[in-house]
Every structure is written in structure tokens, then in C-alpha cells.
Amino acid sequence: MVKFSKQFEAQLVPEWKEAFVDYWQLKKDLKKIRLLNGANASTKQQESSLPTALFSSLRNLSLFGHNRSDHEAIHVHRKPASSANKGDLYETELLEQFEDIEAASEFFACLDLQLNKVNQFYKAKEKVFVERGELLKKQMGILIELKTALKEQRDKGSKDDPSILCSIASEDGSSVKTEQEQGNQDGTNNELEKNGMQFADSSRSDEMELSRTIRREDSSSRSLSGRVFSCQGRNLRMEIPLTNPSRTFSAISYLFWEDLVNQSSRKCSPRGSSKLHINKTKLHQAEKMIKGALIELYKGLGYLKTYRNLNMLAFVKILKKFDKVTNKQVLPIYLRVVESSYFNSSDKIIRLSDEIEEMFIKHLAEDNRRKAMKYLKPNQRKESHAVTFFIGLFTGCLVALLAGYVIMAHIAGTYTQKKSDEVYMETVYPVLSMFSLLFLHFFLYGCNIFMWRKTRINYSFIFELAPTKELKYRDVFLICTASMTAVVGVLFIHLSLVAKGYLSTQVQAIPGLLLLCFLLLLVCPFNIVYRSSRYHLLQVLRNIVFSPLYKVVMLDFFMADQLCSQVPMLRHLEYVACYYITGSYKTQDYGYCIRTTHYRDLAYAISFLPYYWRAMQCARRWFVEGKTDHLVNLGKYVSAMLAAGAKVAYEKERTVGYLCLVVAMSSAATVYQVYWDFVKDWGLLQFHSKNPWLRNELMLRQKFIYYFSMGLNLVLRLAWLQTVLHPTFINVDYRVMELFLAALEVIRRGQWNFYRLENEHLNNAGMFRAVKTVPLPFHEVDEED
């Protein structure tokens, strides 16, 4: 049977762990009492008399919760709250003599502290969610009114795209409602500070930070779409986030056209009023935003229900253990207090959850409850044992095929330095190298998922992955083993044909066809081979390529960082694509793509592109959020581009001057990158931390792992030294050495991934951020403003 402590840890909300009952500390206090009782057990047995033992036995036989002894062991004092925003405080007084009065007092002091903490955190979160729920109800009411007006307009007219004609009242009061909403949050935060609720202050500061970010976005990227207008008897401002290029360009073109058309009317109007059309597309976007906000709110309400139930169960379990250790009837007394406390007696969350369900079903799911529950309570995809079976099957096949490929390549001398097949190494080997680096990276990502799940790092929330579509680590391992089995199998057949002297065009096209099959599978529209994950990957890659125009989220810049470690793979991909698209494989002219100027320049440009994309993401985030850290981070990628440029110049002209430039630029970039890895991305090197040179909170128990990872990251960051030293192994082709060095960079990125998300998770946990705040489309503006 699984211990409750393990069940408790597995089911609690990871970001709220510090706000849950500290069950482990209470168990430590109980263990101390048990040890003290054990030391005095023999003495107590000698001094005990028959009447005392008989009375103790009769007391233990009394029914739980019904037969109360006249003299209770404890009494819990309740100090009522001085204001509505302050929670009640509880303090336990010992009425009976315990074996060790000091240990028992320490236990109940800790228990009271946990009960007060749970009540205060629950009340603070409940207030946040209730306020959010009331705001969403107003948003839904506005949406319903606008949709009704649009439907009436469509019934009257015969136009294909009807719209509601609204008069624009003002443009200067566009931030009134958000400022008012922020003022409410600031007021709540000040009240929590007065109460001394440090954890609640952190949760409110998270809301404040998100609201400030939204307001900064309002003043920059949203200023094109947020317009104050008068419609249906109220002044509203509709804000659609400019998260993609189409919305951005459409907003710019709309404002430009509006300025041209309405310039004369604005001059004639004393108040500068104009007209604004709200069509079906805008309402659909607003509905989508409200829908996402309702889903996140419902998820938060579910977390708060889990918080209440688990804490209630923890109190019951620890009190049962205390009764068993001390032979006292404490459970029914203290449990009555816990049951009547705020976190267990309040029903606001349950009622709000029911209201959200009803509103979602009625207005967003066409009165279809099953359809609504797919969004509100998505089912987790079940893991199949067949996946584990096929992982083992493909792993065995891969090992056998790889062993056969290595033996055949060794016999043919394909990879030896003296008698290597130059055509094979320049045309086929890049394909093998490209797939090896890609699926090595993917395999390490599967290892990351395994470690994140083991350490309770909520990577799904950080990456904003849908629970029904995210890949489990077994799925990742299955994709890796199956894909590499196919790659090695095809190249084994190809090498066998080449070794037998088959050099026809069809044989030379086999590696290109292999690459083409993987590309077609990636964009395959049929619901096979993890279609949702494949399309999500393509969407993220699209966001990266057009990074200045798309809103940057965690998954986007995380993926862009992965591409920065895959520059050799991208260069191999460019070369192989050039070799087969230009038809060079027919004549085996592998030097054509190297001799042609524009293809060679494209290969050099690919070395810069990942760093450029990442720098543009930093620029976009600075533009939206206004934090200077993003500009400093941008400088890191600029230094990487300068170092890459110096290497390109050195490859063209190997002189001492360019060599010194490579050493200088690469050294500066390495220092920059190592500092950012340790301090910013990993959150380490905190000098005043209780863990020397690390940070206060660590997800791994063994500290030496962090020190080892820091040293390994530093060593692998120095891989650029191969440009200067040109290391070679006896009888091994230099291209194999390049693959080995590229694999080391992929391994470095794999271990970097774990600590990067660990730091992000700890930041979320420090602010008790378990659900994301979705911006809302409608903001009501007071008439006087």
C-alpha cells in the first residue's frame, strides 16, 4: 500500500507546494514524540496500576466523534478576524498532561501554524478567482449583446459581412478600466501585506506583474487595436492582442484607411468622433479570448478544490497518527475546528465552478455538456503498454542494424582517414549525421521529460501544452528508436548496394528519398503518427522564423535555443537539399553546392539564422514587456553571431590575424554565455544562498550534480577550440570528428534544458502561479473619462 505522504506529494499542485500543509514537518515532530515515549515506556509500564490501565482501555473503546470525555485533552482558541479580509487565527491550549509537554506543545504550534496558513492562502486565492469570475461574467454579457446586435443587423440587411456600426467616443481614456482593475488588485495586495501573509503577497504580486505586462502591451502593440467606442448604450474598448502578423498588418491597414476616409469628418466633428465597425471576425476573436479565460479560471478552481481536499485529508491523517502515538483523543476535538475553518466551510468556489460550467455550456458549447467538458475537463491520454513493447523492439533492431552498418563500413574503409570514399562521405554521410544529431536531441528531450516528471516540474504548464496532445517520454523514445531504425536500415541497404558496385542514379537517390519521406511525414494531414504534435512543432517553427511579428511565449524561445545548438544539422540539411534539388546526385558532383557562390553564402547565412531569430525574439519581448534584461540577452546572441562571423572569415582565409580575431570573439562570447547560463537561465551562483554557489531551492537532493553540471557546461562551451587546435584521431575521418563535437553541443543543450525549466518552475512556485492569466477583450470606460 502506498504511503499517504507519497500520495500527498504526487497529487498536490506543484506551484502551491509551500502553501500546502507541511505534512513532513509534522511527521518529524511526531517522530520526536514517539522516541521520547519509547524511552519512557519501560518505566511507565512498571508504575502503571490496574485501575489506570482499565480506565485507559475503556476510554479507547469510546466511539469516534460521539462519546466525549468530560475532560478534553486540548482546547483550540479561535481569534476572530478584525476585518473581512483577515482570516481567523487558531491557537491550541493543552489541558491534559502529555508524556513530553514541550514536544506536544511544539507539535500543536506547528499544526496551528499550518491551519492558519491554509486558511489565509485559500481565502486569498478564493478572492482572486471570485473577482476574476465576476469580470468574466461581465465580459460574457457584453459579448452576448454584441452578437445579438450583429445577428439583428444580419437579419435586416443582405450583405455578406454585416457589422455593427458604433461611434468612437475617445482615444485618450483607453486605459481607464485596466487601471481601475489594477487599483483593486493593488488594494487587495496592501491588505494582505498588513495581514503578514507573505505567500499571499507573492500570489498577488504575480497578478500585478501580469497586469503590468498587459498594460505595457496595451501601450505598445495593442495600441493599434484598442479603440474606445460607444455601442449598446455603453462606452467600450475592444482589444484583440496582436499575436500574429495578420492581426498586426490588418490593424495597421485598418487605421491607415480609416484616417484617410474619415479625415474630413474628424475635422468637422467638435469631439473628434468617428465610426467603428465590429464584424463577425472581431467578435469571434473576442469569444476565443473569453473562452480561454474561462478554461483557465475553471482549471484554477479545480486546483483550489484539490488544495482543500488534500489539506483536509492531511489534517485527518496526522491527527490519527498523533492519537496512536500518544493514546489521546485529540482527533475529534481538533477535527471539529478544521471542519468549521474557512477553507473547508466556504462554498464560493463550488458555486462559482457551477456557474462557469453553466455559462460555458450555454453560450460557448451550444448547450452540449459533453462538448463543454472536453474543454473544461480534458481527458488525459492513456499510456499503452504497446508503446513500451515497441520501444524495446525497435531498440533491438537499431542495435543490430547499427552493428551491421559499422562492420560493413569498417570492411569497406568508408570512415578511415586514408582510404575513405570521398563521394560517400560528401553525399550520404551528411544525411546520417543530420538524423543522428536530430534524434539524439529528441532522445535527450525524452530524458528531460522523464526527469521533469520525476522531480514534479510542471513542464506542461510552462510550455502551455494541451494535456490531450502533449508527448510523454515513452512517446518520444518510441519516435527516436523507430526513426533511427528506419534511417540506419535504409543506409545499411544503400551501403550494401554501393559496396557491391551498384552506382546507378536510383541507388544514389536513396538518401534523398529517405529525407523526403520524413519531410512528407512531418506535414502529413492524416491523423497518424502524432499529428497534433507534428502540427504544433510546425507552428512553433513558423513563429520562430517570423519571430519579430509573432508574440513570443516560453515554448517559442525554448525551441529557438535548441536550434542554436543544431547549426551543424541545419548546414547538413541545406547541403543535402542543394545536392538533390539541383540534380547533382545524377553526376555525383558533390562540389557544385560548395563552388556556387549563392549556395555557399546561404550555407554561411544558416550559421547565423538561429542566433538572429533568438535575438529578434529578445527584441520583441523587450518591446512588449519593457525589461532591460531582454536587451542584455539580445547582446548575448549578437556576440554569438560575431563569433560565428569570425569563424567564417577564418575558414575563408586562414591567417594569424583572423585566428586572433576568432580567439578574442569566441572567448568573449563564451564568458557572456556561461554567465547567462549560470545566473539567469539556471538561477545559480547566488552568493547569499544557504547552498553555496547555488540557490536556496533545489529540486535535486544531491548538490554535487549541480556543481558537476556547471563544470560540464563550461567545458562543452569551449568546443570552439577545435577551430584553433584541429584535433584528429588516428585513422578517423575529420568529418566524424565534427559529428562528435556537434553531438557534445547537443548533449550540453540537453542538460541545460533541465535546469532552465527547473528555474522557471521555481519562479512560478515562488509566486504561486499555477494558471495563466488570459487578457480580456472588452474594457468598459466611464463616460466622464
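Residues numbered from 1 in each chain as written. Predicted model: local features only at pLDDT ≥ 70, side-chain atom pairs only at ≥ 80, totals over all residues. Heavy atoms only, no water.

> Residues and numbers for the overall build of the chain, please.
From N to C terminus, the chain includes 31 helices and seven strands. Burial statistics for the chain: of 785 residues in total, 47% are counted as buried. For the chain, restricting intrachain contacts to residue pairs at least 6 apart in sequence, the fraction spanning at least 24 positions comes to 73%. When the accessible area of the chain is evaluated, it comes to approximately 40600 Å², of which 59% is carbon and sulfur surface. (Helix = DSSP H or I, 4+ residues; strand = E, 2+ residues; numbered from the N terminus. Buried < 20%, exposed > 50% of the residue type's maximum accessible area, 1.4 Å probe, protein only. Contact = heavy atoms within 4.5 Å. Areas by Shrake-Rupley, 256 points an atom, 1.4 Å probe, with all protein chains shown as cover.)

> Can you explain the pattern of salt bridges? Please cite residues and give values.
Here the structure, examined in full by the defined rule, presents 26 salt bridges. Across the salt bridge formed by Lys-79 and Glu-91, the nearest N and O atoms sit 3.4 Å from each other. A residue pair is termed long-range when its members are at least 10 positions apart, and Lys-79 in strand β1 (residues 74-79) and Glu-91 in strand β2 (residues 89-94) qualify at twelve residues. Residue class for Lys-79 comes out partly exposed when judged on its relative accessible area of 45%. Among the ionic contacts, a cluster of salt bridges with common partners joins Asp-677, Arg-717, Glu-745 and Arg-748. (Salt bridge = Lys/Arg side-chain N within 4 Å of Asp/Glu carboxyl O.)

> Mind laying out the packing of helix α13 (residues 348-364) against helix α14 (residues 369-376), listing which residues take part and the relevant values?
Where α13 contacts α14, the axes come no closer than 9 Å and their chain directions differ by 120°. Between α13 and α14, the crossing angle belongs to the class labelled oblique. With respect to the hand of their crossing, α13 and α14 are arranged in right-handed fashion. On α14, the residues touching Glu-357, Phe-360 and Ile-361 of α13 are Arg-369, Ala-372, Met-373, Tyr-375 and Leu-376. Of the residues contributing to the contact of α13 with α14, the split by class is six nonpolar, no polar and two charged. (Axes fitted to C-alpha atoms, helices over the stretch in contact; angles between N-to-C directions. Parallel < 35°, antiparallel > 145°, perpendicular 65-115°, else oblique. Left-handed = near helix turned anticlockwise from the far one by under 90°. Nonpolar A, V, L, I, M, F, W, Y, C, P; charged D, E, K, R; others polar.)

> Residue-level account of the pairing of β2, with values.
Each regular strand shows side chains that alternate between the opposite faces of the sheet. Judged by which residues are buried, β2 turns out to be one-sided: Tyr-90, Thr-92 and Leu-94 face inward and are buried, whereas Leu-89, Glu-91 and Glu-93, on the alternate face, are not. As paired strands, β1 and β2 are joined by six bridges and run antiparallel to one another. The residue bridging His-75 from the neighbouring strand is Glu-93, located in β2. (Pairing = 2+ DSSP bridges.)

> How would you summarise unusual backbone geometry if you had to cite specific residues and measurements?
The general pattern is negative phi for most residues beyond glycine and trans for most peptide bonds. The phi dihedral of Glu-464 falls on the positive side, at around 55°, and the residue is not glycine. As for its placement among the helices and strands, Glu-464 is situated in the loop between α18 (459-463) and α19 (473-499). Phi at Trp-693 takes a positive value of approximately 65°, unusual for a residue other than glycine. Relative to the assigned elements, Trp-693 resides in the loop between α28 (656-681) and α29 (704-717).

> Describe the packing of aromatic side chains, with residues and values.
Throughout the structure, instances matching the rule amount to 41 aromatic pairs. When the ring of Phe-107 is compared with that of Phe-322, the centres are 4.7 Å apart and the planes differ by 10°; the resulting orientation is stacked. One end of the pair, Phe-107, is in helix α5 (residues 101-156); the other, Phe-322, is in helix α10 (residues 280-326), with 215 residues separating them in the sequence. Per residue, the accessibility class of Phe-107 equals that of Phe-322, and both read buried. Measuring from ring centre to ring centre gives 6.4 Å for Tyr-575 and Tyr-579, while their planes differ by 15°; the resulting arrangement is stacked. Here Tyr-575 pairs with Tyr-579, and both are found in helix α24 (residues 567-581), just four residues apart, close to one helical turn. (Phe/Tyr/Trp six-rings, centres within 6.5 Å; stacked < 30°, edge-to-face > 60°.)

> With reference to specific residues and values, describe the state of the cysteines.
Going through the model one piece at a time under the given rule, you end up with one disulfide. Note on cysteine connectivity: Cys-578 is disulfide-linked to Cys-593, with sulfurs 1.9 Å apart. Sign of the S-S torsion, about -100° for the bond between Cys-578 and Cys-593, identifies this disulfide as left-handed. Residue Cys-578 is found in helix α24, and its partner Cys-593 is found in helix α25 (residues 592-595); the two are separated by 15 residues along the sequence. For the pair Cys-578 and Cys-593, one class covers both residues: buried. With no disulfide of its own, Cys-447 lies 8.6 Å from the sulfur of Cys-480, the closest cysteine sulfur. Its relative accessible area of 26% is what places Cys-447 among the partly exposed residues. Here Cys-618 is not disulfide-linked; the sulfur of Cys-564 is the nearest cysteine sulfur, at 9.4 Å. (Disulfide = S-S within 2.5 Å.)

> Tell me about the nonpolar core, and name the residues and values.
If you look at soluble globular proteins, the nonpolar side chains tend to sit buried side by side. One finds Trp-16, Ile-74, Phe-108 and Tyr-334 to be the most contacted residues of the largest nonpolar core, which totals 86 residues. Broken down by element, this core gets its largest block of residues, 21 residues, from α10. Excluding anything up to four places from it in sequence, Trp-16 contacts Phe-121, Lys-125, Phe-129, Gly-300, Tyr-303, Leu-304, Tyr-307, Phe-768 and Ala-770. Core analysis: the second largest hydrophobic core is formed by 74 residues, Leu-437, Tyr-459, Phe-477 and Met-484 among them. (Core = buried A, V, L, I, M, F, W, Y, C linked by side-chain atoms within 4.5 Å.)

> Residue-level account of the side chain of Ser-346, with values.
The residue Ser-346 is located in the loop between α12 (342-345) and α13 in this model. Here Ser-346 falls in the buried class, since its relative accessible area comes to 8%. Polar contacts involving the side chain of Ser-346 include one to the side chain of Glu-126, which spans 2.5 Å. With sequence-adjacent residues up to four places away left out, Ser-346 is seen in contact with Tyr-122, Glu-126 and Arg-308. (Polar contact = N/O pair within 3.5 Å; in protein donor to acceptor, adjacent residues only side chain to side chain.)

> An account of the environment of Ile-391 is requested, with residue identities and associated values reported.
Residue position: Ile-391 is located in helix α15 (residues 385-412). Given a relative accessible area of 15%, Ile-391 falls into the buried group. Taking C-alpha positions, Ile-391 is 8.6 Å from Ile-479, a pair spaced 88 residues apart along the chain. Discounting chain neighbours no more than four positions away, the residues touching Ile-391 are Arg-474, Phe-477, Leu-478 and Thr-481.

> Run through α24, naming residues and quoting values.
Its 15 residues place the ends of α24 21 Å apart at the C-alpha level, agreeing with the 21 Å of an ideal helix rising 1.5 Å per residue. Looking only at α24, the buried set comprises Val-567, Met-569, Leu-570, Glu-574, Tyr-575, Val-576, Cys-578, Tyr-579 and Tyr-580. Directly after α24, the chain includes Gly-583, whose backbone phi takes a positive value near 80°. (Expected span 1.5 Å × (residues − 1).)

> Any chance you could break down a positive patch on the surface for me, citing the residues and the numbers?
A contiguous patch of positive charge, built from Lys-3, Lys-6, Lys-27, Lys-31, Arg-34, Lys-317, Lys-320, Lys-321 and Lys-324, is present on the exposed surface. For the positive patch, the secondary-structure elements that each account for two or more residues are α2 (23-39) and α10. Looking at which element gives the most residues to the positive patch, the answer is α10, with four residues. With respect to the secondary-structure elements, Lys-324 resides in helix α10. (Patch = residues over 30% accessible without salt bridge, like charges linked within 9 Å, V, L, I, M, F, W, Y side chains within 5 Å. Lys, Arg positive; Asp, Glu negative; His and termini not counted. Charge placed at Lys NZ, Arg CZ, Asp CG, Glu CD.)

> Tell me about the environment of Val-399, and please be specific about residues and values.
Among the structural elements, Val-399 can be located in helix α15. Accessibility expressed as a relative area gives 54% for Val-399, which makes it exposed.

> Go over a nonpolar patch on the surface, please, and point to the residues and values.
Side chains of Leu-513, Leu-516, Leu-520 and Val-523 sit close together on the surface and give an oily, nonpolar patch of about 360 Å² of accessible area. Note on placement: Leu-520 falls in helix α21 (residues 510-522).

> Pulling in residues and values, what's your account of the side chain of Arg-769?
With respect to the helices and strands, the residue Arg-769 is situated in the loop between α31 (734-766) and β7 (778-780). What makes Arg-769 buried here is its relative accessible area of 15%. Within polar-contact distance, the side chain of Arg-769 engages the side chain of Asn-764 at 2.6 Å.

So far we have only geometry, and geometry alone does not tell us how the molecule works.
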